[in-house]
Each structure stands twice: as structure tokens, then as C-alpha cells.
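Commentary on secondary and tertiary structure
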2 protein chains.
Amino acid sequence: MIFKLFPYMKYTTLFLLLFVLTAGFSQSSDESTIRKIYDKALSEGKSYAMLDYLCNKIGARLSGSPGAAAAVEWSRHTMEDFGFDSVWLQPVMVPHWVRGQAEIGRILNSKKMGTVDVAVCALGGSVGTGPEGISAGVIEVKSFEELAQLGQKHVQGKLVFFNRPMDPNQLQTFAAYGGAVNQRGSGAVEAAKYGAAGVIVRSMGINPESYPHTGGMRYATGVPMIPAIAISTQHADLLSRLLKEDKGITFYMETHCQILDDAPSFNVIGEIKGGEFSNEIIAIGGHLDSWDLGQGAHDDGAGCVQSIEILRIFKTMGYKPKRTIRAVMFMNEENGLRGGQKYAELALKNGEKHIAAMESDRGGFTPRGFTISAPDPVRKKIQGWKGILEPYGLSDFSSEGGGADIGPLAPQGVTLIGYLPDSQRYFNYHHTAEDTFDKVDKRELELGSASMAALVYLIDQHGLK
Amino acid sequence: MIFKLFPYMKYTTLFLLLFVLTAGFSQSSDESTIRKIYDKALSEGKSYAMLDYLCNKIGARLSGSPGAAAAVEWSRHTMEDFGFDSVWLQPVMVPHWVRGQAEIGRILNSKKMGTVDVAVCALGGSVGTGPEGISAGVIEVKSFEELAQLGQKHVQGKLVFFNRPMDPNQLQTFAAYGGAVNQRGSGAVEAAKYGAAGVIVRSMGINPESYPHTGGMRYATGVPMIPAIAISTQHADLLSRLLKEDKGITFYMETHCQILDDAPSFNVIGEIKGGEFSNEIIAIGGHLDSWDLGQGAHDDGAGCVQSIEILRIFKTMGYKPKRTIRAVMFMNEENGLRGGQKYAELALKNGEKHIAAMESDRGGFTPRGFTISAPDPVRKKIQGWKGILEPYGLSDFSSEGGGADIGPLAPQGVTLIGYLPDSQRYFNYHHTAEDTFDKVDKRELELGSASMAALVYLIDQHGLK
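Residues numbered from 1 in each chain as written. Chains lettered and ligands numbered in written order. Predicted model: local features only at pLDDT ≥ 70, side-chain atom pairs only at ≥ 80, totals over all residues.

Quick notes on the interface of chain B and chain A
Contacts between the two partners involve 22 residues from chain B and, on the opposite side, 20 residues from chain A. Of all the secondary-structure elements, those providing two or more residues to the side of chain B that touches chain A are helix H1 (2-43) and helix H13 (442-462) of chain B. Its residues placed into classes, the side of chain B that touches chain A shows eight nonpolar, seven polar and seven charged. (Contact = placed C-beta atoms within 7 Å. Helix = DSSP H or I, 4+ residues; strand = E, 2+ residues; numbered from the N terminus. Nonpolar A, V, L, I, M, F, W, Y, C, P; charged D, E, K, R; others polar.)

Observations concerning the sheet that holds strand S2 (residues 104-110) of chain A
Residue and element names in this part refer to chain A. Pairing is mixed across the open sheet formed by eight strands, whose spatial order is S3-S2-S9-S5-S6-S7-S8-S4. The open sheet has two edge strands, strand S3 (114-118) and strand S4 (120-122), and neither has a second partner. For this sheet, the mean angle separating the axes of adjacent strands, direction not counted, is 30 degrees. Sheet topology places S2 next to S3; four bridges connect them, and they run antiparallel. Bridge pairing links Gly105 to Val118 in S3. Packed onto the sheet, helix H4 (residues 144-155) meets strand S5 (134-141) and strand S6 (159-162) and runs at close to 150 degrees relative to S5. (Pairing = 2+ DSSP bridges. Axes fitted to C-alpha atoms, helices over the stretch in contact; angles between N-to-C directions.)

Let's talk about the relation of the copies chain B and chain A
Superposition record for chain B on chain A: RMSD 0.0 Å, screw rotation 180 degrees, translation along axis 0.0 Å. Read as a symmetry element, the transformation amounts to a two-fold axis. Relative to the rotation axis, the C-alpha of Ser395 of chain B is the closest in chain B, positioned 3.7 Å from it. With an isologous cut-off of 70% or more, the 91% of interface residues of chain B that recur at the interface of chain A puts this contact in the isologous class. (Least-squares fit on C-alpha atoms with pLDDT ≥ 70 in both.)

Describing the sheet that holds strand S1 (residues 86-98) of chain B
Residue and element names in this part refer to chain B. Overall, mixed pairing links the seven strands, which are arranged S1-S10-S12-S11-S13-S15-S14 in an open sheet. With one partner strand each, in any of the chains shown, S1 and strand S14 (367-373) form the two edges of the open sheet. The mean angle between the axes of side-by-side strands here comes to 20 degrees, regardless of whether they run parallel or antiparallel. As defined by bridge partners, strand S11 (residues 277-287) adjoins strand S13 (residues 353-359) across six bridges and the pair is classed as parallel.

Observations concerning the packing of helix H2 (residues 47-58) of chain A against helix H13 (residues 442-462) of chain A
Residues and elements named next belong to chain A. Relative to each other, H2 and H13 sit at 110 degrees, their axes nearing to 9 Å. On the basis of the axis angle, H2 is roughly perpendicular to H13. From H2, Ser47, Tyr48 and Leu51 reach across to H13, where they touch Lys442, Leu445, Glu446 and Ser449. A per-class count over the contact of H2 with H13 returns three nonpolar, two polar and two charged. (Parallel < 35°, antiparallel > 145°, perpendicular 65-115°, else oblique.)

What about the packing of helix H2 (residues 47-58) of chain B against helix H3 (residues 66-81) of chain B?
Residue and element names in this part refer to chain B. Taken N-terminus to C-terminus, the directions of H2 and H3 make an angle of 155 degrees; their axes are 11 Å apart at the nearest point. Classified by the interaxial angle, the pair formed by H2 and H3 is roughly antiparallel. For the crossing formed where H2 meets H3, the hand is right-handed. Counted together, Met50, Tyr53, Leu54 and Ile58 of H2 and Gly67, Ala70, Ala71, Trp74 and Thr78 of H3 form the full contact between these two elements. Residues that form the contact of H2 with H3 fall into these classes: seven nonpolar, two polar and no charged. (Left-handed = near helix turned anticlockwise from the far one by under 90°.)

Brief notes about the domain arrangement of chain A
One frequently used descriptor of interface size is the decrease in accessible area upon assembly of the parts. Residues and elements named next belong to chain A. By the assigned domains, chain A splits into domain 1 (36-96 + 261-462) and domain 2 (100-256). For domain 1 versus domain 2, the distance between C-alpha centres works out to 33 Å. Listed as interface residues are 14 residues of domain 1 and, on the opposing side, 17 residues of domain 2. For the side of domain 1 that touches domain 2, a count of residues per class yields five nonpolar, seven polar and two charged. (Domains from an automatic or database assignment.)

A short note on the environment of Val120 of chain A
Residue and element names in this part refer to chain A. The residue Val120 is located in strand S4 in this model. Residue Val120 is classed as buried on the basis of its 27 C-beta neighbours within 10 Å. Between the C-alpha atom of Val120 and that of Gln306, which follows or precedes it by 186 residues, the distance is 32 Å. Not counting chain neighbours up to four residues away, the residues in contact with Val120 comprise Glu103, Gly105, Pro212, Ile229, Ala230, Ile231 and Met253. (Buried ≥ 20, exposed ≤ 12 C-beta atoms within 10 Å, placed from the backbone.)

Right under this line is the structure:
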């Protein structure tokens, strides 16, 4: 039996040897390229300087605003100056909402405290109260179910105060956000069904804070459009405390926001052409628009400069990709997703073949891993690279997910990947005046660029089949 | 054969079944207790409020200072108020160094820029120049080897400028620190051997910064004690650039620091007595002293309040430990390690049996894992809990290490564990005026307490044998 097996064993041994040698070589070449990517990002990186400009020279970039227009031109020039193979704009019409002068939120007639000014801001997309404002009694609820139980009888003419907090016990703050954000998105519609005059929504912040968080809200056809504001978590707690003792409190809100006609804008795209499979595209993106209160540093200036940085690193390393690598600055993620929809629509129309799209829209924080939306074999292939990436702090490859802007590519069968940084500090800044450049750590931002570049490199080298 | 095996199989099956049930029960009980620990820390935690007091009401706590004395009393009262079984002080004499009035660092005679004031501070433990200051030429070196090659001929009477940066390509910033910090610790001794008048050391910061980092330095018997200052990384780069064009630059340094007589101080210890193996001690600690420039928030107020918080969480959960759990606020880590030495000396003298000591002295940042110094079977046992801890972001159990203050327990065969948070931002603050309360994130701090409490719980339940 032994003798009979010998011939097979020889082939098997040879095959195994070849396999080990090939895998070994490829592994070590991958490892050394990835090490070079990190060195470039950490010792000669440009992402932090780019973000400095985008935040401190341009600032807030709400869709349709002068800041958004400036950011489009800045991204185009920046990518052209880095010498990418091609850089172009994709026209897209975007919603145009303006906040107007500062909002007023005021607790009136509190038996204990009299009149108290509280920190509020209009929610994005809301109609304004106009200069006359609204004064009304306040009904506090924690859920839409509670609201429905109260019904028109108790809600008619009142301000509905949605005060369900983000759950601090959630390890991932995005999960806590997911558990609370329907109050912001749909609170006005739900309250208006029962005749409410307006809504006050507890800010989507997980800690006690003195400042409010804005963010998108929607109206529904056939339901009256009532004004919606966010209140800081500290003042939400105060209002709730006062209401417990004194149901007769009234609240004054005054907002000057307006919904204007849609405005022209653009996605901005830069590309390095692939040498071997140039028709296979790997897109990496962030969204260029931001809310109007801060500088859009973590949300999502970080994702934009990281995406540009990946292509810049490849170029300065002299890395010639097999596949075509694109950096996409999506417009209008915050209040419409028109950029993401337009990008997917044109990809389909132009017969483009995206093998993967990756988004960074969870802030410029220290790396943890990637989320993956893909069929099982593709997911397993990506997870198989964990060993190479784990020394760089990338150990979490377990969750589903991509990103809002790349989501519209899903029907085209594109593998969607989300960059997953640490989530603990994100909701200190998200959609607030605090989302400024000084809240971004240079190394954390750079490690994000390098982490994504490393995975893009692996996909480029080995494909996803 | 089948029939013969049956009796054994029955026993085996029974055994396996029992094992699986027991393991299953224990696992799920561990998991639910750990979940409770995190809930306590994240929704009813006190670590952030404790740190607020320690930083904003007490502030800097250099050994021998009024701040250090206040911090001793504060920790004692805090642990007594939480109702720990016993709280006591361990007297220890500590070095007493004072900075005196603000330092001056000035580039003179630069052909290009004339006179430039630069950001400097005396290194801890240095002698002062006194009001007359020192003016001298500057010799820049990157290493002690380079210094030795230059020798007395070039160094005599000069200020030696140690300018080897922390390596930004190191993923772990502590590794980058380890590669540069001998310049700060031993630069003055090495330069004095060749007759230098003083030393200017590039700050131990990994980014371009406008402020200097202090930190400990040592003198050696028989070598002249020359004054040592740190210069901000940005001004180190400036000085280096100017020296390249103009070797004739002189530099003026003036420091007013003094080495005083040793002063009395204390370690502060709080304890919850074990119910089953009360003679087995698990100690968790941080160091209560800090440098004098900031508030000692990350270094190491965080570690102190986290250690207290662990015992407080156990107590409020009603968890009765099997073993004795101690929180230890060590005194004088920064410039002498006298507290850590005293603690180990008394443990030995009193015949105490520590089965583990854990230290948190890498800042109040988001959890990554633990470092372990222990024999292989113990290390493997701890690493075996990774599956329970990984959902909480604790995935790195691979490195050696404990902590400076618990190091003196090593000769007693104690398992040493270091809490390992993310390291990227630590050296933005370490030993600087920037190490203040506002640089600490509430959730990141709380997750640190919970992470350590979870591992302490597992050690308490299952031992380390």
C-alpha cells in the first residue's frame, strides 16, 4: 500500500510545496506592501492637512450652500493636483434647506424656575415657525406607541416632546443611535397625525451635553408639516424634570428655516486606471456635504480626505493597480442621498462594473475593522485577510453593512464595505457645532486612510472571486 | 467491540454531558455578570465624576506637592464614602522636586530670525540654571553614539540638543516612546560626560506640537549635574532647521527648578474582603501622583478612578468576591516609584499573597485588551477568556507587560496585567499642560473600568491556577 501511494504522494507533496511557496511569497509581498502603505500614511500623510483646509478654510457644507460649492471645487483641484488619471464632476440636483437666524427654545411658566432658555436647533428639512413662533403646552412621550395611546385628545395643539434617550449600555454607539433616531426622522409626522403643533426631539447624543444635534427629518404626503426642533440632552432632562412636577408648563419655539427649490450640485470623482482589469472598479468614498452647525470634520470630511489619500498613497508609492480605483466625494448624504443615487444610476447606465465599494462615514477615529455586505464566499475571502490586517488594529470583520452613499449600488450586486473605526466618541460631535477639525486626531485619521488602502490593495491584487 | 465499549461510552457521555452543562452554565453566568458590570459602568458610572473632581478641584499632583496631599485625602474619603471594607494609608517618603517660576528658552543670533522664544520646560528632577541662565552654542545629535563620536572636543561648554523623534511608523505609540525616551532619561548624564553645559531634549510627542513634554530624568554618581529642558516638537524642528544653515546660533536657557529634601506621602488602599479565599489578593491600581504641568487626567487620574470604580461596581452590584479585591493608588510613579516599591516591600513583609496585580497607566482611552506578564499556563488561562471579552472590544492579549507600580511585585511571583487601551492619542497629552479632564471621553473612561472589572471578576471566580 505504501508503495502504491508513493506516486500520488509525490504529486501531492509537490503541489503542497508549490502552494506553500506561492502563498508564502504572496503573503510576504502583501505584508510588505501594506507596511509601506502605513508608513506613507503615518510619516508623509496628507489627510490631516487636507481636512484642516476643508474644515478651517471652507467649513460647513450643507447641500446647496456656498460651502458645498467650494468643497466641490476644492476636491476637484486637490485630486487634479495629485495627478490622478482623471477627475470629473457628476451633476446632481439636491434639496436646499436653510436654517436662517438662530433658533429660540424657551420653557415658560415653570413654577420652579420661571422662564428658562434652552439649547435648541431646527431639525434639517423642517419648516420654520416664522418670527411669530409657537407657544404651547408640552406632552412628553418615549415612543410612537405612547403617542398613539394618548391620541388626538391629549396631543391636539400641543408640542410633543420625544425624550427616549440613546441607550448608554449599547457597546456600539451606532446601535444606540439606531434605537432612538426614529424620533428625529419621523417624530413630526407621527405627532402631526394627532394634531400636534410642533415637536421637540431629544438630541441624538449619548452623554449629558449642553448643545443640540441637528439631523434629517421627513414629512409625509397628506400629513400637516409641523416644525421640529432638537433640544440638548441636558435640557431634555431639565424639561422632563420640570414637567414631572408641573404639567402646566408651556414652551416657546421660534425657527426661521426654509425649504427652497432644489439646487444644482455635484459628486466629485477621481480615478487611477487599472493596468490589468481596467473595467473592474473599486470605489472608495465619503460624503462631501455636511450639516451646517459645525465644520463636518468627523461627518464626513474625514471620509472624504481618507478616500483621496488612498489614491494619493498608491500614486506616491508607485503602486500600479490591476483594477481601476476611484475616490468618490458623494454630495447630499445628509438630507437626500441624491449623490449616492445618481452615482449608482450612472454606473448602471454606463455599464460600469464595480467589484467593490467602500465607504468611510463613521468618523476619523482609530481603526477597529470593516463591515461587509456581500455573499458568503466573498465575505469569507475578505475575512481571510484578517491575519494580515489584525496587527494594525483591524480585528472586527463580523458585522453587516456598507454605507448610505454606496447603498444604492447594492442592486447591482456590488460588494459593499464599511470602514469601522471606534464608535465611542462619534456621537459627541455628530451633527453639532462641536464637529470641528480640532476634534480629529492626526494619527487616528491617518490610520483610517491606511487601513482602507490596505484592504483596497488586497482586493485589487486578489479580486473578490 | 461496540458492545465492549458501551460501558465506557456511557460514563464518557455522562462526563461530557456534565462538563458541557457545567461549562455552559458557568459561561452563561459569567457572561451575564460581565454584561451587568458594563451596564453599571455605562449607565450609572462614577469614574467620570471622580476624575472631574480629581482634575478640576485638585489638579496637578506631583509627589510632595499640596495637590498630591489633597489627592491622598480625597482618595481615602472617596473609598470610605463608597463603604469599602477597609481603607488605609501606607506611608512612604518621596522625592520632592519643584519647578519654580516659568522657564525661558531662547534661540539667539539666528542670522535668519534673530531672537526666537521657544516653548520649553525643565525636565523633572533637573537642577535649575538659576536666574543667571546659561547661554551657549548648540550641538545637535540624534543618538548617544553620535554624541560619543563628537566627544569632548566639540561638546565641551555647549548645550547638547537631543533631537531623535519618536518614530511615527510605530503602530503602538508606546513603542515609539520606548525608542526615544533614553534621550530624556539619560541625555544629561551622557552629555555631561563630555563637558556639556546643559541639554535640550526634543519632547516625547509624536506629532507636531507647540507645547513641551516634561518627564523624569536621572543623574549619575560622579557625573556633573547639568540642567535639562524639553523643547516642543515644532520648536525642535525649527531649531534643527536654523542650525543647518547657521552653526553659530547660541541658545539661552533659564530654569528655576530645585531638588528639595524627600517628603512624607502615602499610597492609598481600599479593599473588599474575599468570602472564600480571603488571603488571596487581586490588586488593581493606578498612580495618584502626576506631573505638575497639567491635571494628570490621562496620566494617571484615569487609572486611579477606574481602580476605585471597579470595587464600587462590585459593591453596588452586590457581588461578593471569593478573593480579596484591592484598589491601590500608588504614589510617586513619575519620579521615583517609591510607592510601588513600598507596596511590594510591605506585601512581602506582611506575608500577603497576591495572585494578580493589574495596572491602568496608559490613559483613559477605548479598550483594546490586556498585556500579561505570567508563566505560560497562567497566560493561556487568561487568553482563554478572550471569547467572553472580545464583544467588548478586548481582542489584544498578545503582549508582555504589567505596569511600573506593580513591577516590584514580580519577584514575588505575582501575575502582572496591564490594561491596554488604544494608544494613538496618549502622547498628545502625556506629561504636558494639555493633560486635562476635557481630553478624557466619558464612555472611553467608563469602558476601561468595566473592562478591568470584567477580567478581575473572571480571575476572582476561576483563579489563575
